[in-house]
Protein chains: 2
Amino acid sequence: MPARSPLAPAADPLLPPLAGVRLAAAQAAVRYRNRTDVCLIELAAGTRVAGVFTRSLTAAAPVELCRAHLAGGRARAILVNSGNANAFTGREGRAAAERCAAALAERLGCGRREIFVASTGVIGEPLPDERIRAKLDELAAGAAPDGWAAAARAIMTTDTFPKLATRTARIDGVEVRLNGIAKGSGMIAPDMATMLAFVATDATLPAPALQALLQRATDRSFNCITVDSDTSTSDSLLLCATGQVRHARIAGAADRRLGDFRAHLEALLVDLACQVVRDGEGARKFITVKVGGAASARAARRIALAIANSPLVKTAIAGEDANWGRIVMAVGKAGERADRDRLSIAIGGTLIAEAGRRRDHYDEAPVAAHMKGAEIDIAVDVGVGRGAARVWTCDLTHGYIDINADYRS
Amino acid sequence: MPARSPLAPAADPLLPPLAGVRLAAAQAAVRYRNRTDVCLIELAAGTRVAGVFTRSLTAAAPVELCRAHLAGGRARAILVNSGNANAFTGREGRAAAERCAAALAERLGCGRREIFVASTGVIGEPLPDERIRAKLDELAAGAAPDGWAAAARAIMTTDTFPKLATRTARIDGVEVRLNGIAKGSGMIAPDMATMLAFVATDATLPAPALQALLQRATDRSFNCITVDSDTSTSDSLLLCATGQVRHARIAGAADRRLGDFRAHLEALLVDLACQVVRDGEGARKFITVKVGGAASARAARRIALAIANSPLVKTAIAGEDANWGRIVMAVGKAGERADRDRLSIAIGGTLIAEAGRRRDHYDEAPVAAHMKGAEIDIAVDVGVGRGAARVWTCDLTHGYIDINADYRS
């Protein structure tokens, strides 16, 4: 077990129970020994569900199954395993996912399309689904409202700490809760460090509204993080609303009474997404990149991601070098409009370059001090418009090479 | 001086003189001491020129100057310095480039627009152009037909070996020569390891035909290599035709009599481009990625570059791990059409996966042996069409981190 990331929170947050959700973990020995590797998230009857998934065109079998089941808009359970991603496993992989869903539906007495599955781990190996199915009775019998931490641990692969977050929001004055767990370190990695996240709320929301809320919040959180620019075949994010709390009836995502809920959902997803970055493989620095002055918010995000994904920017930060020239390079390669002669760059709040050149009396001392810290802030204005974006990433270190150049051996 | 790359050719090729080209190098101490850092490529009167440049939107001042001068289609000289890229230097940077061109035009008695300049090195520092101009007399006086190797050395930055190539082609039965030099290691790097390449031929070709020939050959050579996916602000490739050899008059690039010339030009550019990859920062393995079965050649190239740019693929190869799962991942993230259930992957000529899954009796032994070598071949068929492409890259090693995380200190 690798040491806990130096960027991890000091302590894992304790998640309170959330009405309508019970969780359990078990040891199925899918691949790992002496640790939990399957978890069940059981949801109250009537739970609505939304989901977003990897854009990979070689998506894994569980992703295909979830996409199909999402059309129903209802969920009674999510079954997750670590150790094997059931990806690039052909028709047999799809059949294995279907067998798990069917067995669990039978155990819970619900429709198959109310079951969602996710798998993370090595790819190209057949999923030993019989080992997972053999644990369904134990999981169903053991499911309890306080199982959040156990579930977060069971879905870890190369993660060095479990990722949990909770928020409380109000819908028209009525308090509702949001709980979430996630895993991932590197977009993909030694054991396919796929990003998986499962979020639940006790609010009462229809599936189409949930889907719109989730899409918007994802664009501002998980779609704004990058570790190594690689995309897993299995990335999945599910949002469930158990409907256990009664409040004013909400018809759609645009309802004004959702303002507070929307803000807290986004904050919770940002929290989980940043925890994934803080567990980035080999990460020693947590980097926030803000871009302003772009032609649009979309353009700003592309520029910010070009900076955040640049191996040269990430290695410079690993070396604690305030190498703003590489930031200029990354802006240039993003393919979005930027005015070279209006570009400004600040690191740690110190303006280094403006109007397309280094400032005349630039003092590197405060920037050098900032670079020695674990939290690095980069702010760029590209001087053409009002589009802005914020993304998060980590540095590129020898640790990343160690982890990724030598795992199957 | 770092050790010569283990992937470098055993000996540097010796370039024969090429009619109409004389070269010289000098020590101007732009940034480096005790080595040559400026070179002059002097071209016979009547030389035609074509060029392709970085797509960066923060392109350096010399690139802007070259783009403007290219409209004239004629060249009498190329002046190159290493040590300072004259990039992100604002209006003053453009003025410095103009002063160099003006001084050289005066010295050679030609128009300013017949002078081309290129700079490579640190960015954001003012170019001490007076040091370069002070060497123009020495360069002009010393220019000689046998100066190719000296010129190739003068333009090096973090390169560990000079890059030279020569070819002989026939145009309608008449022999013509092609000589070229290049520099670059990493798309950009410690000292901005910009890619620069200068190619000359003694053939007699009009500028528009040269431009079309160059564009096509570049798409199949320099546009098919990647070291770290970063894009320099200064990448420049110039092709000059001195017109010293008389052959059948060629009106355009589509002329059938150019078939042999076209093939040799492409081969020469591929040769130089692969030398750049072989000098990739920290590179220990030279990787060829072939993609077939794509919807188009363009789609195939995008998929091949997604594989070649994937940090997870590159680190796996550094670790001599035949991790074909990461190749599947990279195909999926390319955003081009691929049939997951028809995908096949071969490494070192051994078919590992077909029809979307690992072969039943896959024997890893020959693949493991191939991974231990310095030349790695990956072949992927994505199963949807007939588009094919070939790209070249290198592995991602601790050496890359060493070089890039610690250069300005």
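Only a predicted model underlies this, so the values are computations on that prediction, with no experimental measurement involved.

**Q** So what's going on with the interface of chain A and chain B? Residues and values would help.
**A** Accessible area lost when the parts come together is the quantity often used to give the size of an interface. Taken together, the contact between chain A and chain B spans 63 residues of the former and 63 residues of the latter. When chain A packs against chain B, close to 5000 Å² is buried across both sides, 57% of that on carbon and sulfur atoms. Taken together, chain A and chain B are joined by 4 salt bridges. In this structure, Glu64(A) and Arg340(B) form a salt bridge, with 3.3 Å as the shortest nitrogen-oxygen distance. On inspection of chain A and its partner chain B, the count reaches 13 residue pairs in polar contact (both at pLDDT 80 or more). Those elements giving two or more residues to the side of chain A that touches chain B turn out to be helix H1 (61–70), helix H9 (311–318), helix H10 (324–333), strand E13 (357–358) and helix H12 (398–404) of chain A. In terms of residues, the side of chain A that touches chain B owes the most to one element, H10(A), which gives 8 residues. Partitioning the side of chain A that touches chain B into residue classes produces 27 nonpolar, 19 polar and 17 charged.

**Q** How would you sum up the relation of the copies chain A and chain B? Please name residues and give values.
**A** Expressed as a screw transformation, the operator carrying chain A onto chain B has a rotation angle of 180 degrees and an axial translation of 0.0 Å, and the superposed copies differ by an RMSD of 0.0 Å. Such a combination of turn and shift is consistent with a two-fold rotation axis. No C-alpha of chain A lies nearer the rotation axis than that of His398(A), which sits 3.0 Å from it. Of the interface residues in chain A, 100% have counterparts in chain B that sit at the interface too, so the contact is made through matching surfaces.

**Q** Can you explain the pairing of strand E11 (residues 344–347) of chain B? Please cite residues and give values.
**A** All names here are of chain B. Alternating positions in E11 separate into two faces, Ser344 and Ala346 on one and Ile345 and Ile347 on the other, with burial throughout. Pairing of E11 with strand E14 (residues 375–381), which is carried by 4 bridges, proceeds in the antiparallel orientation. Of the residues in E14, the one forming a bridge with Ala346 is Ala379. Relative to strand E12 (residues 350–354), E11 runs antiparallel, the two being bridged by 3 bridges.

**Q** An account of the environment of Gly282(B) is requested, with residue identities and associated values reported.
**A** Residue and element names in this part refer to chain B. Looking at the element boundaries, Gly282 is found in the loop between helix H7 (259–278) and strand E10 (286–294). A residue is classified by how much of its surface remains accessible, and Gly282, at 18% relative accessible area, is buried. In this structure the C-alpha to C-alpha distance between Gly282 and Leu239, which are 43 residues apart in sequence, comes to 30 Å. Other than its neighbours up to four places away in sequence, Gly282 contacts Asp395, Thr397, Gly399, Tyr400 and Ile403.

Definitions and limits used
Residues numbered from 1 in each chain as written. Chains lettered and ligands numbered in written order. Predicted model: local features only at pLDDT ≥ 70, side-chain atom pairs only at ≥ 80, totals over all residues. Heavy atoms only, no water. Contact = heavy atoms within 4.5 Å. Buried area = accessible area lost by both parts, 1.4 Å probe. Salt bridge = Lys/Arg side-chain N within 4 Å of Asp/Glu carboxyl O. Polar contact = N/O pair within 3.5 Å; in protein donor to acceptor, adjacent residues only side chain to side chain. Helix = DSSP H or I, 4+ residues; strand = E, 2+ residues; numbered from the N terminus. Nonpolar A, V, L, I, M, F, W, Y, C, P; charged D, E, K, R; others polar. Least-squares fit on C-alpha atoms with pLDDT ≥ 70 in both. Buried < 20%, exposed > 50% of the residue type's maximum accessible area, 1.4 Å probe, protein only. Pairing = 2+ DSSP bridges.

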